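One letter stands for each residue in the lines below.
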Amino acid sequence: MPDPNGFLRYNRRLPARRPVPVRITDWREVYPPAGEWLIREQATRCMDCGIPFCHDGCPLGNRIPDWNDLVRTGNWDAAVESLHATNNFPEFTGRLCPAPCEAACVLGIGGGQSVTIKQVEVEIADAAVARGGLRPRPVPAPTGRSVAVVGSGPAGLAAAQQLARAGHAVTVYERDDALGGLLRYGIPDFKLEKQHIDRRLAQLAAEGVQFRTGVTVGVDVTAEQLRAEHDAVLLACGALQGRDTLETPGRPLRGVHQAMTHLVAANRVVAAAAADGRPALAVLPDGTPIDAAGRHVVIIGGGDTAADCLGVAHRQGAAGVHQLDLYPEPPHDRDAARDPWPTWPWVLRNYPAHEEGGDRVFAVAVQEFVDDGTGQVRAVRIAEVTVEKRDGRRSVTVLPGSERELPADLVLLAIGFEGTEEQPLLAQFGVTRNARGAVDTRPDWQTGADGVFVAGDMHRGASLIVWAIAEGRAAAAAIHAYLDGVGTLPAPVDPARQPLAAR
C-alpha cells in the first residue's frame with residue numbers, strides 16, 4: 001500500500017541542473033543523475049489514487065502508481081519491469097516528454113504540486129542500464145512473416161521491437177546515415193545524449209531487427225520491391241515538412257533558415273566531434289555556414305524546437321539571441337476556465353535554455369527580413385500584434401506605430417510543421433496526404449493501400465514522443481493481427497484517440 005501521507009510530508013523537488021556557466025561549454029545533458037533518496041522521496045508523494053488520471057494523461061497507459069510505489073520501497077528490478085511493460089523506451093520519454101501525465105496528476109488540482117512522474121521514470125530507465133544493461137528479450141520461434149518499417153524514429157522503433165518480439169522478421173529502412181530519426185539529429189545532446197539511442201539499437205539488433213541506413217524508400221528501394229520482400233509495411237516517416245513564412249518580405253535572404261536545418265547541422269557537428277574529437281562549425285550540405293558563433297540570432301517560435309535552437313545558439317557562442325512569440329505571454333498558473341484539470345494547460349514554460357540567456361519577446365510578428373544590401377539578412381522588422389480566433393481562423397492585427405528592428409545575422413523559423421514531406425514513396429504505395437499533411441488510416445491502422453500501415457507523426461502530425469511510441473505499439477498490434485499472429489499485442493491507442501481536452 002502506498003504512503004497515504006507522502007504528499008503531505010514532502011514537497012515537489014527536482015535535482016539541480018548543472019550550473020549554466022559549466023553546461024553551456026559542452027553538449028552533455030543538463031540534468032545530472034538524481035540521488036536514490038531524492039527519487040524515493042518523490043515517488044512517496046504518489047497516492048495511488050482511486051482513479052489515477054495520470055493514466056489518461058499518458059497515451060501509453062503507463063502504470064505510474066505501480067512503479068512509483070515500487071521505487072518508494074526500493075524494489076528497482078520490479079519497477080523496471082513495470083515501466084517496460086507499457087513503454088519500450090522510457091529513457092527517451094523521461095528526458096523528452098513534456099509530461100502530460102503530470103498535468104493530469106490528482107495532486108495538481110487547485111494549483112497543487114504534481115508528482116515528479118517524469119523524473120522518477122527516467123531514473124527507473126537509467127537504473128535498468130545500471131543494474132545489468134538493456135538485456136534482449138528472448139524471441140519466440142520465427143513466424144515466417146516479414147515486416148518492413150520505413151523510418152527509425154520512436155514510432156518505427158517501437159513497432160519494430162514489438163513485432164520482432166512476436167517472432168516476425170523486421171527490417172527498418174532509414175534514409176539518413178544513422179538510426180534514430182529526429183532523436184539522432186533533431187534533438188540536441190544536452191537533452192538526449194546519443195548513447196541512450198545506441199544502447200536501444202543494440203538491444204533491438206540482438207532481438208533480430210535488421211537495419212538498413214542510407215536507403216530512401218521510393219528512390220533506392222521501390223514500394224514494389226518492399227511489397228515483394230515483405231508481408232506488411234509500416235510507414236513511420238515523421239512529419240518533417242516545416243511551416244514557412246514565404247509571404248514575408250525578405251524571406252529568400254541568406255541567413256534565414258528552417259530551425260530543423262540548423263539543429264541537424266549542429267547535431268552532425270557534435271556527432272563528428274564525439275567520433276574523432278575535431279570541433280567544427282555547423283554548415284549546410286553545400287558548405288554554407290549555419291553556425292550561431294558570434295552572430296545575432298533571432299528565433300521565431302515559442303515551442304520545444306525554438307527552445308532547442310536557443311540552447312544550441314548558446315553553446316555555439318551566439319553574440320545575442322531573441323526568441324519571438326506571436327502570442328501574448330502565458331500565465332504562470334493554470335487558468336481553470338480555459339484549461340480545466342486534468343487537461344494540458346496553457347502556461348508559461350521555461351526550458352533550461354531560457355535560464356542560459358537570450359530575450360523572449362511576446363505578442364510580436366515579423367514584418368520583414370531586412371537586407372544588408374548584399375542579399376544577407378541584417379535585421380528583422382517586428383511589430384506588436386494581437387491575435388484572435390474567429391470561426392476557427394486566426395486573425396492577427398498589427399498595432400500601428402509599434403514597429404522596430406532587431407539585429408539578426410541568423411534567423412531560425414521554428415513555427416511548427418505542416419505534416420509529412422511529399423516524397424516518392426507516397427505515390428508508389430498509392431497513399432496521399434490529407435489537408436493537414438498527414439496520412440489517414442482505417443480503424444486497423446492500414447492506409448488506403450492494403451497491407452500498408454502508418455503510425456506516429458506521419459499519421460498524427462507533429463506531436464509528443466509518447467504519442468509516437470503509443471501509435472507504434474498499436475500499429476504493431478494491428479500488423480500482428482493482419483499477419484495472423486498468435487495471441488495479441490498491446491494496443492494502447494486507436495487511430496482516433498486524442499489528448500485529454502475540455503468538451
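Summarised in this report is the structure supplied together with it. In this text the structure is predicted, and so the values were computed from the model without any measurement.

Thoughts on the sheet that holds strand E6 (residues 296-300)
Reading across the sheet, the five strands line up as E5-E13-E6-E7-E8 and stay open at both edges, with parallel pairing between neighbours. A single partner strand is all that each edge strand has here, and the edge strands are strand E5 (256-258) and strand E8 (359-362). The average angle at which neighbouring strand axes cross in this sheet is 20°, direction not considered. Bridge count for E5 against strand E13 (residues 410-413) is three bridges, and the pairing is parallel. Bridge pairing in E13 places Val256 opposite Val411. In the packing of helix H14 (residues 259-276) onto the sheet, contacts are made with E5 and E13, and the angle to E5 comes to roughly 80°. The strands touched by helix H15 (residues 304-316) within the sheet are E6, strand E7 (320-325) and E13, with E7 carrying the most contacts at an inclination of about 175°.

Digging into the environment of Val256
Structurally, the position occupied by Val256 is in strand E5. Owing to a relative accessible area of 6%, Val256 belongs among the buried residues under this scheme. Measuring from C-alpha to C-alpha, the distance between Val256 and Gln376 comes to 8.6 Å, with 120 residues separating the pair along the chain. If we ignore the near neighbours within four places in the chain, the residues touching Val256 are Gly250, Arg251, Phe369, Val377, Val411 and Leu413.

Observations regarding the pattern of salt bridges
For the structure shown, the criterion picks out 31 salt bridges. Note that Arg251 and Asp244 form a salt bridge whose closest N and O atoms lie 2.7 Å from each other. Judged by relative accessible area, which is 13%, Arg251 ranks as buried. Accessibility expressed as a relative area gives 26% for Asp244, which makes it partly exposed. Arg433 serves as the salt-bridge partner of Glu422, at 3.4 Å between the closest nitrogen and oxygen. Of this pair, Glu422 sits in the loop between E13 and helix H16 (424-429) while Arg433 sits in the loop between H16 and strand E14 (452-454), and the two are 11 residues apart along the sequence.

Section: the packing of helix H5 (residues 64-72) against helix H9 (residues 117-130)
Contact geometry of H5 with H9 gives a least axis separation of 11 Å together with a crossing angle of 65°. Like other packed secondary-structure pairs, H5 and H9 cross with a definite hand, here left-handed. Along its contact with H5, which presents Ile64, Trp67, Asn68 and Val71, the element H9 presents Ile117, Val120, Glu121 and Ile124.

With respect to the side chain of Glu41
Note that Glu41 resides in helix H3 (residues 36-44). Accessibility expressed as a relative area gives 16% for Glu41, which makes it buried. Apart from the residues within four sequence positions on either side, Glu41 is in contact with Tyr10, Asn11 and Arg13.

A short note on the sheet that holds strand E2 (residues 169-174)
Reading across the sheet, the five strands line up as E3-E2-E1-E4-E14 and stay open at both edges, with parallel pairing between neighbours. The sheet terminates laterally at strand E3 (210-213) and E14, the two strands that pair on one side only. Averaged over all pairs of adjacent strands, the angle between their axes in this sheet comes to 20°, without regard to strand direction. Here four bridges tie E2 to E3, and the two strands are oriented parallel to one another. Bridging from a neighbouring strand, Tyr173 pairs with Arg212 of E3. Where helix H10 (residues 154-165) meets the sheet, its contacts fall on strand E1 (146-150), E2, E3 and strand E4 (232-235), and the angle it forms with E2 comes to roughly 165°.

Section: the nonpolar core
Of all hydrophobic cores here, the largest spans 66 residues; its most connected members are Trp67, Val71, Ile124, Val170, Leu234 and Ile479. Excluding its chain neighbours within four sequence positions, the residues that come into contact with Ile479 are Val147, Leu163, Ala232, Leu234 and Phe453. In this structure, Val30, Ala292, Cys309 and Val312 belong to the second largest nonpolar core, which totals 24 residues.

So, the packing of H5 against helix H6 (residues 76-84)
Each pair of packed helices can be described by the angle between their axes along with the distance between the axes. Packing of H5 against H6 leaves a shortest axis separation of 8 Å and a crossing angle of 165°. Taken together, the axis directions place H5 and H6 in an arrangement best described as roughly antiparallel. Helix-helix and strand crossings are classified by hand; for H5 and H6 the assignment is left-handed. Along its contact with H5, which presents Asp66, Trp67, Leu70 and Val71, the element H6 presents Trp76, Ala78, Ala79, Ser82 and Leu83. Counted by class, the contact of H5 with H6 contains seven nonpolar, one polar and one charged residues.

Some remarks on H9
Given 3.6 residues per helical turn, the α-helix brings residues three or four places apart onto the same face. Across its 14 residues, H9 extends 20 Å between first and last C-alpha, which sits within 8% of the 20 Å expected from 1.5 Å per residue. Judged by how many residues are buried, H9 sits mostly within the fold: 10 of 14 residues are covered. Every buried residue of H9 is accounted for by Ile117, Gln119, Val120, Glu121, Val122, Glu123, Ile124, Ala125, Ala127 and Ala128. On its buried face, H9 sits against H3, helix H4 (54-57), H5, H6, helix H7 (90-96) and helix H8 (100-103). Positive backbone phi, at 130°, marks Gly132, one or two positions downstream of H9.

A closer look at H6
Residues Trp76, Ala79, Val80, Ser82, Leu83 and His84 constitute the buried set of H6. In this structure, the buried side of H6 is in contact with H3, H5, H7, H9 and helix H12 (195-206).

Calculation rules
Residues numbered from 1 in each chain as written. Predicted model: local features only at pLDDT ≥ 70, side-chain atom pairs only at ≥ 80, totals over all residues. Heavy atoms only, no water. Pairing = 2+ DSSP bridges. Helix = DSSP H or I, 4+ residues; strand = E, 2+ residues; numbered from the N terminus. Axes fitted to C-alpha atoms, helices over the stretch in contact; angles between N-to-C directions. Contact = heavy atoms within 4.5 Å. Buried < 20%, exposed > 50% of the residue type's maximum accessible area, 1.4 Å probe, protein only. Salt bridge = Lys/Arg side-chain N within 4 Å of Asp/Glu carboxyl O. Left-handed = near helix turned anticlockwise from the far one by under 90°. Core = buried A, V, L, I, M, F, W, Y, C linked by side-chain atoms within 4.5 Å. Parallel < 35°, antiparallel > 145°, perpendicular 65-115°, else oblique. Nonpolar A, V, L, I, M, F, W, Y, C, P; charged D, E, K, R; others polar. Expected span 1.5 Å × (residues − 1).

Bear in mind that shape data such as this cannot, by itself, settle questions of function.
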